[in-house]
Amino acid sequence: MRHYETSDAIREMIAYFLPYCDDKITLQILLRMSECLEPWDEAGALYERIRKKTVSASKQNDPRATAQYKFEEICAKTLYNMSKPDSPFSDDVPFWVIPLGFRFACELELPDPYAFTSHLDDDSDQRFRFM
C-alpha cells in the first residue's frame, strides 16, 4: 500500500470512530495529520501523548478508553514511520491498525464491527480470515 493509501485508510477509520468517542482531541489531531504529508514526523510526539492516556485508562480499568487509545497509538506510530525517521517504530505497526480498530469497534459494541473500514467487506471469507 502506498503512503497516501495508508493515510487515506487511517483517515477513513478515524472519521468513522470520532462520533462514538468522548475524548476526541488526539483523534482529531491524527485526522488532520492523515490529511497531509508534512506533520507525520510530529506523530512520534503525539504517540507519547497518547501513550500516557493509554496507561491512565488501563490503570482506571476503562476498556473502552484503552481500546481507543491503543488504536490511536498504532495510527500515530504508522504515520510517524511513514515520515521515514532515523529511529522508526517496529516495521509491523501498519499491520496492527485494522486489528486494533476491530477491537475498538467491538468495545464500542457497534452493530457491525467491520464497518469502520472499507478494507473489510461483506465477504464472509474475508471476515473469517481477519478474525
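Residues numbered from 1 in each chain as written. Predicted model: local features only at pLDDT ≥ 70, side-chain atom pairs only at ≥ 80, totals over all residues. Heavy atoms only, no water.

(A) Looking closely at the pattern of salt bridges. Within the structure shown, the criterion is met by three salt bridges. With a closest N to O distance of 2.1 Å, Asp8 and Arg11 form a salt bridge. A residue pair is termed a helical-turn pair when its members lie 3 or 4 positions apart in one helix, as Asp8 and Arg11 do in helix H1 (residues 3–17) at three residues. The residue Glu73 makes a salt bridge to Arg51 at a minimum N-O spacing of 3.0 Å. On the criterion of sequence distance, the pair formed by Glu73 in helix H4 (residues 63–82) and Arg51 in helix H3 (residues 43–59) is long-range, its members being 22 residues apart. Given a relative accessible area of 7%, Glu73 falls into the buried group. (Salt bridge = Lys/Arg side-chain N within 4 Å of Asp/Glu carboxyl O. Helix = DSSP H or I, 4+ residues; strand = E, 2+ residues; numbered from the N terminus. Buried < 20%, exposed > 50% of the residue type's maximum accessible area, 1.4 Å probe, protein only.)

(B) Summary view of the environment of Gly44. In this structure, Gly44 sits in helix H3. For the pair Gly44 and Asn81, spaced 37 residues apart in the sequence, the C-alpha separation amounts to 8.6 Å.

(C) Local environment of unusual backbone geometry. For Asn61, which is not a glycine, the phi torsion comes out positive at approximately 55°. Secondary-structure assignment places Asn61 in the loop between H3 and H4. With relative accessibility at 66%, the residue Asn61 sits in the exposed group. A positive phi angle is found at Glu109, which is not glycine, with a value near 60°.

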